[in-house]
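Coordinates in review
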Amino acid sequence: MCGIVGMIGNHDVASTIYECLTILQHRGQDAAGIATCEEGKLELVKNNGLVSDVFRSESAQKLKGLSGIGHVRYPTAGSSNLEEAQPFYVNSPFGIALAHNGNLHNADQLKKELFAEDRRHINTQSDSEVLLNVFAHELQNASGLVITPDAIFHAVSRVHKRCKGAYANVLIIPGYGIIAFRDPNGIRPLVYGVRKTEGAPDEYMVASESIALDQHDFELLDDVAPGEAIIITNDRQFYRKQCASNTQLSPCVFEYVYFARPDSMIDDVSVYKARLRMGEKLADQIKERWGDEEIDVVIPIPESSRTSAIPMAYSLGVKFREGFIKNRYIGRTFIMPGQDQRVKSVRRKLNAVELEFRNKNVLLVDDSIVRGTTSKQIIQMAREAGAKKVFFASAAPPVRYPNVYGIDMPLCEELVAHNRTEDEICEILGADRLIYQTLEDLEAACKEGNPKIDRFDSSCFSNEYVTDVGADYFEKIGIQRSDLAKQGNV
Ligand SMILES: O=P(O)(O)OC[C@H]1O[C@H](OP(=O)(O)OP(=O)(O)O)[C@H](O)[C@@H]1O
Ligand SMILES: NC(=O)CC[C@H](N)C(=O)O
Ligand SMILES: [Mg+2]
């Protein structure tokens, strides 16, 4: 997952974009970048690291101008190297920079076409560089000497025809404005809003999550619809158009489970409320299936499961306690690049409050179990702290299949639930009992917020992908993006 933001304002936008990126930091911890534009000149600063590290240097001072875009990266294609940090820039036509959240599964094919037919060279392994060049090529074909909204909308419609996978994008064209668009399935989130000041032109912001808008007093106007593109020119003309013929709103259900901040709205659904409903539904399952079990206390595994754990405890009529304290200076474990780092980080990040465990039957709640890195260690810690019995509940169903739309879970064999029954998983994790949310309940918990959602991308639970992903792509990412490959061992 990555976080993206774009803004046109009445003062230099770099500091606001910087703040937005810190707000979106939970979506990507590997690299960060900002491109701004002043009088037709684009400045770009990007590097590996957290937002606060990347923009510490003096180079960030050069980020001037009333429009800009920003990105925080969690890689799903290519390497974690600086060359693949975003925004990406291409100088022709007009100069375009892009920030992309998502993942293309036909990037290899597109790369060949770009080279052989479009005379464009791709210099990295990044699918985002491919996407930018497809857009640039199509814009070049569609425009004359002057950029027009029609030419941009046409270029976006061509991107929809050529690119397969997930993409929520924000782009900047120096001297013209910013553009945002979302793939025809609307897999990755993208919202926009306006800030009005009397006597001054309206300011606009586009971002992965509404929380970036909220914190800067922008009024949320809408989600960018699947297949839709919006344009905000420097002189504040606003255009929007549907650029795809077949669209179906299919947001990634994992955003609601884990990725997004609870205080965000995604496709008109409050992530917070969706998580509360997940907790209620899971509690119903527990009552139905574990009626015989005595639970003394419900304990969330910080951070993301807290919201679901509260209504669970309430519904079960059991105490809710903070049994694990989180070191607030350690980032998210799951999106770290290597398994060694992830394992070490869980222990450094979480510590048990012994008195909440001693001689108790504890129900630990997490939002999801993916590789099992967190749950395995946490269950062990609960036992060391003196728990009598350790029960484990996951607010999401078993993750059994790869994600190809922007979450780096490329290899089935790395997923603890793949090809395993719930009893087998329970044994591996070392719990006394394990319960998972059903997919039906999870989707219902999210959809209740917006019945207009056509379907979800729930592929990592169901093995049903909303785009046509070829077997060769699964094979490729399984080889290239496994933990072993990333360590350079294969
Ligand atoms: O089974 P695993 O492979 O361990 O992945 C699942 C865990 O990873 C995430 O936590 P993370 O520490 O990334 O973030 P959080 O602090 O937001 O909960 C998620 O909330 C689960 O706790
Ligand atoms: N997680 C993402 O959205 C990743 C974006 C892009 N595929 C990259 O690897 O940089
Ligand atoms: Mg967690």
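Along every chain, residues carry numbers that run from 1 in the direction the sequence is written. Lettering for chains starts from A, numbering for ligands starts from 1, and both go in the order in which the items are written. With the structure being a predicted model, the display of local features is reserved for residues of pLDDT at least 70 and the display and counting of side-chain atom pairs for 80 or more, all residues being used for whole-chain, interface and lining totals. Processing note: side-chain calculations cover all non-hydrogen atoms of the structure and skip hydrogens and water entirely.

Some words on the environment of R182
Threshold: Secondary structure is summarised from DSSP: a helix means a run of H or I of at least four residues, a strand means a run of E of at least two, and numbering begins at the N terminus for each. Think of a polar contact as two N or O atoms within 3.5 Å of one another; within protein, one of them needs to be a possible hydrogen donor and the other a possible acceptor, and neighboring residues in sequence only count if both atoms come from side chains.
Turning to its location among the elements, R182 is positioned in strand β8 (residues 177–182). As a C-alpha pair, R182 and G199 span 17 residues in sequence and 32 Å in three-dimensional space. In this structure the side chain of R182 is engaged in a polar contact, spanning 2.6 Å, whose partner is the backbone oxygen of R188. Within the structure, R182 has its side chain in polar contact with the side chain of D267 (distance 2.7 Å).

A word on the site of ligand 1
The condition that has to hold: Neighbouring residues are identified by heavy atoms, a residue being near a molecule or strand if any of them is within 4 Å of it. Methods summary: accessible areas were calculated by the Shrake-Rupley approach with a probe of 1.4 Å, and residue burial reflects only the protein chains presented. Under the grouping applied here, Gly and all other residues not named as nonpolar or charged are polar, the nonpolar ones being Ala, Val, Leu, Ile, Met, Phe, Trp, Tyr, Cys and Pro and the charged ones Asp, Glu, Lys and Arg.
Around ligand 1, the structure places 18 residues, and the nearest of them are Y258, S304, K349, D366 and D367. Residue K349 places a side-chain N or O atom 2.5 Å away from an oxygen atom belonging to ligand 1. The backbone of T373 places a nitrogen or oxygen atom 3.5 Å from an oxygen atom of ligand 1. Coverage of ligand 1 by the protein chains reaches 97% of its 500 Å² of free accessible surface. The residue makeup of the shell around ligand 1, split by class, is five nonpolar, six polar and seven charged.

Section: the site of ligand 2
Around ligand 2, the surrounding shell holds 15 residues, and the nearest of these are M1, R73, N101, G102 and D127. Here an oxygen atom of ligand 2 and a backbone polar atom of A77 are 3.3 Å apart. Coverage of ligand 2 by the protein chains reaches 100% of its 300 Å² of free accessible surface. When contributions to the shell around ligand 2 are tallied by element, the ones reaching two or more residues are β6 (96–104) and α4 (127–142). When its residues are assigned to classes, the shell around ligand 2 shows five nonpolar, eight polar and two charged.

A few points about unusual backbone geometry
In the segment running from S92 into P93, the intervening peptide bond is cis, with an omega of -5°. Here P93 lies in the loop between β5 (88–90) and β6. Cis geometry is adopted by the peptide bond preceding E303, which originates at P302 and carries an omega value of 15°. Note that E303 resides in the loop between β16 (297–300) and α9 (306–316). Unusually for a residue other than glycine, D217 sits at a positive phi of about 60°. A positive phi angle, near 70°, is found at N463, a position not held by glycine. Among the structural elements, N463 can be located in the loop between α14 (459–462) and α15 (471–480).

Description of the domain arrangement of the protein chain
Inclusion rule: The domain boundaries here were taken from an automatic or database domain assignment. Two residues qualify as a contact provided that any one of their heavy atoms is within 4.5 Å of a heavy atom in the partner residue. Throughout, buried area stands for the accessible area (probe radius 1.4 Å) lost by two parts on being put together, summed over both. Every case where a carboxyl oxygen of Asp or Glu lies within 4 Å of a side-chain nitrogen of Lys or Arg is listed as a salt bridge.
What the domain assignment lists for the protein chain is domain 1 (3–248) and domain 2 (271–326 + 347–459). For domain 1 and domain 2, the distance between their C-alpha centres works out to 35 Å. Residue-level contacts link 12 residues of domain 1 with eight residues of domain 2. For the pair domain 1 and domain 2, the summed buried surface comes to about 890 Å²; carbon and sulfur atoms form 53% of the total. Remark: the boundary between domain 1 and domain 2 carries zero salt bridges. For the interface between domain 1 and domain 2, the tally reads five residue pairs in polar contact (both at pLDDT 80 or more). Put simply, the parts of the chain that give the side of domain 1 that touches domain 2 at least two residues each are β6 and β7 (165–173). Each residue belonging to the side of domain 1 that touches domain 2 can be placed in one class, and the counts come to four nonpolar, seven polar and one charged.

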